[in-house]
Every structure is written in C-alpha cells, then in structure tokens.
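# Chain and residue survey
Below are the chains, spelled out letter by letter.
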Amino acid sequence: MIVGLLLVIVPIMKVLIVIAHPDDEILGMGGTILKHAKNGDDVVTAYLTTGITSRRSLNYKNSSSYDFSNENSNNIKKQIIDLQSDAKKALKILRAKKSIFFDFPDNEMDSVPLLKIIKKVEKLISKEKPDIVYTSHFKDLNVDHRTVFDAVLTACRPFAFSVKEILCFETLSSTEWSFSYDFQPNYFVNIEKELDSKIKAMKIYKNELRKFPHPRSLENIKISAQRWGTVSGFKAAEAFQIIRKFEK
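Rules used in this analysis
Residues numbered from 1 in each chain as written. Predicted model: local features only at pLDDT ≥ 70, side-chain atom pairs only at ≥ 80, totals over all residues. Heavy atoms only, no water. Helix = DSSP H or I, 4+ residues; strand = E, 2+ residues; numbered from the N terminus. Buried < 20%, exposed > 50% of the residue type's maximum accessible area, 1.4 Å probe, protein only. Contact = heavy atoms within 4.5 Å. Areas by Shrake-Rupley, 256 points an atom, 1.4 Å probe, with all protein chains shown as cover. Lys, Arg positive; Asp, Glu negative; His and termini not counted. Salt bridge = Lys/Arg side-chain N within 4 Å of Asp/Glu carboxyl O. Phe/Tyr/Trp six-rings, centres within 6.5 Å; stacked < 30°, edge-to-face > 60°. Arc of directions from axis to C-beta. Axes fitted to C-alpha atoms, helices over the stretch in contact; angles between N-to-C directions. Parallel < 35°, antiparallel > 145°, perpendicular 65-115°, else oblique. Left-handed = near helix turned anticlockwise from the far one by under 90°. Nonpolar A, V, L, I, M, F, W, Y, C, P; charged D, E, K, R; others polar.

## What to know about the overall build of the protein chain
What the protein chain contains, in helices and strands, is six helices and seven strands. Looking at the protein chain residue by residue over its 248 residues, the buried ones come to 50%. A fraction of 77% describes how many contacts in the protein chain between residues 6 or more apart in sequence connect residues 24 or more apart. Only carbon and sulfur atoms are counted for the fraction: they give 55% of the accessible area of the protein chain, which is about 13,100 Å².

Here you go:
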C-alpha cells in the first residue's frame, strides 16, 4: 500500500512597515518582524523621514534652538547616513531583507502637504503590493507618527489597492506620552523567542537609546514586552491595534 504525503504550502505574506523614523520599527514590532521573517514572509520597511534633523544638535540630544549653522548642516548629513546604516544593520538581525529611505523633514511632516506624502505612500504600495501594512499609532505625541498614519490610511483606502490588513503599534516614548493614552490593542504576538533579537537589534541604535527609566531604554523594552505578555498570556508579547481587516 502506498501512503501519500500531504504537502501543505503556506503562502508567503508580503509585509510593509511604513514609519517615520529609524528605530520606530524595533520599538514597535521588532519581535514581530523576526517572526514574519521566520515564516518566510517578505518584509519591507519604509522610513519616511531623516530621523535626525529635528534635534538641531550634533550630539544626538535635543537642542532648544530651532536654527543651526551650515557647518552643523553638513555634519547632520553624515549623521543621517550613519542612522540609515544602523537601520540596515538592525533589520539584518531581524532577517528583514529590504529597507527604503525617504527624506521628509524630521518632526516637521506637518509642514508638508499631506497629499504629497500620500502620493509617496501610494507609489510605495503600488510597487510592493503588500498584504498587510503596519504603521504608527494615530494618537501618538509625535506629529510625524500621526501624519504617517493618516497617509497610510488614505493610501490604503478600499478599492485603490489590495491591502487586506492595517495594524498600528505603540512607539515607546511617543505613544504613552500622548495624554490621554489612547492605544487600545486587540491583537497580540508572542515574541518570547524573539525578544533577545529585538534587544540586540535595538542596541544597534546606540545613539537613540536612553538610560532607564526612560521609555526608550533596553530595560523598558523588556518591561513593555513582559507587560503585554501579562495581558495576553505570554511571557513576552508585542501589541497591535487592528485598524482594518478584510477577509475574502
């Protein structure tokens, strides 16, 4: 008697992460990125801003001055290149294969016509054809995060493209600082096995890290994962808010 083998083919999912700044992807969903990669999914991360210029400083800390000199401008260009290099290294740890960088002004996306940003995201979605899109939360303190969410939601409007699902995540030191706290997660991903890699990837962004009890510290990243784990019954988790989901 010949016994046949049942071959189950799991379809590869095309995942697009649209965010404002390098490190948002790790803070919000570093473990989930690695889980997608382990599943064989095609993960693309798009960074819409430079992620540096708003600080008006050369030491990776905020300056109270809005203007900066031509000399500072040249040095900041180098910092932008270094930050993009860090992003690529961090994503390599999480096995994500592709990153795309845009140059919208950091923490000043509200100074750009929203339609211009939407068109960039539309073109991105048209090219990448994702099944699922992750982005920042619509009530974050950071204006870039809110603007990116608005652009993504508009670009992914029904009938325009085939995006089946949109989810948003919290970004430590932005989402929880928007009083009142409006992040209402209803989807949780177990990242117990991926948490160490998430921490390792975040260490690449050494200039973005802060000391505990700052939310953007390694200790708090672990605490946050454990907190969402206690909510969902895991030892460590990442939390998401489903904005829209279509099932055929």
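Here the narrative resumes, following the displayed structure.
## Topic: the side chain of E165
Relative to the elements of secondary structure, E165 occurs in strand β5 (residues 165-169). No salt bridge is formed by the buried E165, whose closest oppositely charged neighbour, K245, lies at an N-O distance of 4.0 Å. What E165 contacts, discounting residues up to four positions off in sequence, is D131, I132, V133, R244 and K245.

## Focus: the pattern of salt bridges
Tallying each qualifying case throughout the model produces nine salt bridges. With a closest N to O distance of 2.9 Å, D82 and K78 form a salt bridge. You can see D82 and its partner K78 sitting in helix α2 (residues 70-93), four residues apart, about one turn around the helix. With a relative accessible area of 30%, D82 lands in the partly exposed category. With a shortest N-O distance of 3.7 Å, D182 and K139 are connected by a salt bridge. Of this pair, D182 sits in the loop between β5 and β6 (187-190) while K139 is found in the loop between β4 (132-136) and α4 (143-155), placing the two residues 43 residues apart along the sequence.

## What to know about the packing of aromatic side chains
This model, assessed by the stated rule, comprises seven aromatic pairs. Aromatic pair F138 and F149: ring centres 5.1 Å apart, planes at 50°, arrangement tilted. Residue F138 is located in the loop between β4 and α4, and its partner F149 is located in helix α4; the two are separated by eleven residues in the primary sequence. Judged by centre distance (6.0 Å) and plane angle (85°), the rings of F183 and W228 are edge-to-face. Residue F183 is found in the loop between β5 and β6, and its partner W228 is found in helix α6 (residues 218-232); the two are separated by 45 residues along the sequence. Assessed through its relative accessible area of 5%, W228 is described here as buried. Three or more aromatic residues joined by ring pairs make a cluster, and in this case those are Y181, F183, F188 and W228.

## Focus: helix α5 (residues 195-204)
Buried within α5 we find L195, K198, I199, A201 and M202. Around the axis of α5, the buried residues are gathered within 160° of arc, so they sit on the same side. Facing away from the buried surface of α5 by more than 90 degrees, the exposed residues are D196 and K200.

## What to know about the packing of helix α3 (residues 114-128) against α4
At a closest axis distance of 8 Å, the pairing of α3 and α4 adopts a crossing angle of 55°. For the element pair α3 / α4, the angle class is oblique. As for the relative orientation of α3 and α4, their crossing is right-handed in sense. On α4, the residues touching L114, I117, I118, V121, E122 and I125 of α3 are T147, D150, A151, V152, T154 and A155.

## What about the packing of helix α1 (residues 24-38) against α5?
At their nearest, the axes of α1 and α5 sit 9 Å apart, and the two run at 130° to each other. On the basis of the axis angle, α1 is oblique to α5. The chirality of how α1 crosses α5 is right-handed. Residues I26, L27, G30, G31 and L34 of α1 pack against S197, K198, A201 and M202 of α5. In terms of residue class, the contact of α1 with α5 is made up of five nonpolar, three polar and one charged.

These figures capture arrangement, not role.
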